[in-house]
Amino acid sequence: MNKLVMLAMALLIVSTLVPVDGLQVRESVAQAQAGPAVVNSTAEVQFPLSLRFNLAARSGANIVDVRLRYTVEQESFAQVTSEAFLPFAPATGIDVSWSLDMRRTGGLPPGTLIRYWWVVRDAAGGRLETTPVSVRFEDNRRSWQELTEGLVSVFWYSGGTAFANGIMAAAHDALDKLAQDTGAEIEKPLRFYVYATQQDLLGAMIFPQEWTGAVTYAQFGTIVLGLSPDNMIWGRRVIAHELAHAVTHQITSNPYSDLPRWLDEGLATYNEGLLDVSFSTALQRAVTSNTLFSVRSLGSPFSARADLAALAYAQSFSIVDYLIGTYGQDKMSELLTVFSRGSTYDNALVTVYGFDTDGLNTRWREHVTKLFQPNRPAVGLVGADAR
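Please read these numbers as outputs of a predicted model, since none were measured by experiment.

## Describing the overall build of the chain
Step number 1: Each helix and strand in the chain was counted, giving 11 helices and 12 strands.
Step number 2: The burial tally for the chain puts 44% of its 387 residues in the buried class.
Step number 3: For the chain, the computed accessible surface area is about 19500 Å², with 53% contributed by carbon and sulfur atoms.

Shown next, in the form of structure tokens:
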């Protein structure tokens, strides 16, 4: 073989080996600088106290920053994404956790859907944003059963199918009554979580009031109550009351204003049917002693005192009863529509009825005073069911 051929072969060998060596170097560098990767990601529900998020991650360079981002599914007029910064010592492999403490937020109802994802950065500039994952904040201490009809779902763990069917029937009866009296109809899904006792219910809440028997989380479409099969008479009233809150919220919710408290609670109490005799008695006592609250004052939250709260509920029922009985269902439906546009209290009343809150106060007082003349019993104020 002559020298020229040998030189050509040598050059060919060199040119073949150099790229291989270069590839090996690049692979080695790439391995050393591999970006962040998730080893494991979990979410642990600890109902009702917390939701714990866990992340294990690694990278070719020290991981220096980890953020948890999450959204809570609820009615909102703006997309809200929360972010939590997780402190840790920079390393190529990390194992971190962060808890959403419900004692700081006021809690979430069972069944709330939370979507979360991680953003991880390393010292070499690598960045990883994971695909969002969903987790339900369920009360996993109970073995829930589910019954769904239309837009209403019932979740329960104590009592048979007949019990759940009774709750469902009460819900649909209440929806029918509400639509007939006010024109308000359900638009979005609603979930009932039925606890077997009041104590079980209180144990599912953060900082509950000891007298709580039911709660409506209107922005979550969830109603939570403590109800046993042998207490369905009370249960039907509570279901009707809470459903009225939930449905009127659905049809009037807007970013500008809420309903006046007398209208919100008045519609809910009216939807129960006959006014409780103790409420009617409290109302009669206030009429005869001239200690009625003004309608304007009832636009704000009610007193925490039991006797004053009872009177506020009774008056709210009576005001709604007066408006529906005197002006009809169509006007009440129109009032709710005006409120859904963000109207002020006075403007809504003037638009629909031609008088403001003070005008309503004058007319209603005249009406309720006549109802409780000395020759009329307290139980005479019974609402639409007796008409």
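And the narrative resumes.
## Quick notes on the confidence of the model for the chain
Step number 1: The predicted model of the chain averages 90 in pLDDT, with 88% of residues at 70 or higher.
Step number 2: For the stretch residues 1-32, pLDDT sits under 50, and the model shows 4 contacts to residues farther than four places along the chain or on other chains.
Step number 3: This stretch, residues 378-387, has a pLDDT under 50; its non-local contacts, to residues over four places away or in other chains, come to 30 contacts.

## Section: the sheet that holds strand β9 (residues 152-156)
Step number 1: With respect to topology, 5 strands assemble into an open sheet ordered β8-β9-β10-β12-β11, the strand pairing being mixed. Of all the strands in the sheet, the pair left with one neighbour each is β8 (145-149) and β11 (214-217). Across the sheet, the axes of successive neighbouring strands diverge by a mean angle of 15°, strand direction being ignored.
Step number 2: Direction of pairing for strand β10 (residues 190-195) relative to strand β12 (residues 222-226): parallel, over a ladder of 5 bridges. Residue pairing for β12: Val194 is matched across the bridge by Leu225.
Step number 3: This element, helix α3 (residues 161-182), spans β8, β9 and β10 of the sheet and lies at about 145° to β9.

## Things to note about the layout of surface pockets
Left-over empty space is what a probe sized like a water molecule reveals as it rolls over the atoms.
Step number 1: What the largest pocket holds in volume is close to 1700 Å³.
Step number 2: Along its surface, the largest pocket is lined by 45 residues, and His241, Glu242, His245, Glu265 and Tyr313 are the ones closest to its centre.
Step number 3: Where the lining of the largest pocket is concerned, the elements lending two or more residues are β11, α5 (232-252), α6 (261-271) and α8 (306-327).
Step number 4: Partitioned by chemical class, the residues of the lining of the largest pocket number 19 nonpolar, 17 polar and 9 charged.
Step number 5: One number sums up the size of the second largest pocket: a volume of about 330 Å³.
Step number 6: Along its surface, the second largest pocket is lined by 20 residues, and Glu73, Pro189, Arg191, Phe220 and Gly221 are the ones closest to its centre.

## Considerations on the pairing of strand β1 (residues 37-46)
Step number 1: Bridge count between β1 and strand β2 (residues 50-72): 9 bridges; the pairing is antiparallel. Each residue of the ladder has a partner; that of Asn40, found in β2, is Ala56.
Step number 2: Linking β1 back to β2 in an antiparallel pair, the connection comprises 3 residues.

## A word on the environment of Glu149
Step number 1: One can find Glu149 in strand β8.
Step number 2: Under the relative-accessibility criterion, Glu149 is labelled partly exposed at 36%.
Step number 3: When the C-alpha positions of Glu149 and Ala169 are compared, they lie 9.7 Å apart, and in sequence the two are 20 residues distant.
Step number 4: When near neighbours in sequence (up to four residues on either side) are disregarded, Glu149 contacts Met168 and His172.

About the thresholds
- For every chain, the first residue of the written sequence is number 1, and numbering continues from 1 onward in sequence order.
- Residues qualify for local features only when their pLDDT is at least 70, as the model is predicted, and side-chain atom pairs are given and counted only at 80 or more; totals for whole chains, interfaces and linings, by contrast, use all residues.
- Note that water and hydrogens are dropped before the side-chain values are worked out from all heavy atoms of the structure.
- The helix count covers DSSP runs of H or I at least four residues long, the strand count covers runs of E at least two residues long, and both are numbered beginning at the N terminus.
- Relative accessibility thresholds used throughout: buried, under 20% of the residue-type maximum; exposed, over 50%; partly exposed, between the two (1.4 Å probe, protein chains only).
- In this description, accessible areas are obtained by the Shrake-Rupley approach with a 1.4 Å probe, and a residue is regarded as covered only by the protein chains that are shown.
- A residue's pLDDT is simply how confident the predictor is in it, with values from 0 to 100.
- Should any heavy atoms of two residues lie within 4.5 Å, those residues are counted as being in contact.
- Strands are treated as partners if at least two bridges between them are detected by DSSP.
- Axes, fitted as lines to C-alpha atoms, cover a helix only where it is in contact. Angles between the N-to-C directions of the axes lie from 0 to 180 degrees.
- Lining residues are those with an atom within 4 Å of a point, where the points come from a 1 Å grid over the protein atoms alone and group into cavities, where a 1.4 Å probe fits but cannot get out, or pockets, open sets with protein on both sides within 12 Å along at least five of seven lines.
- Grid points are joined across faces, edges and corners, and a volume is the space filled by probe spheres set on the points.
- Here the nonpolar group is Ala, Val, Leu, Ile, Met, Phe, Trp, Tyr, Cys and Pro; Asp, Glu, Lys and Arg are the charged ones; every other residue, Gly included, is treated as polar.

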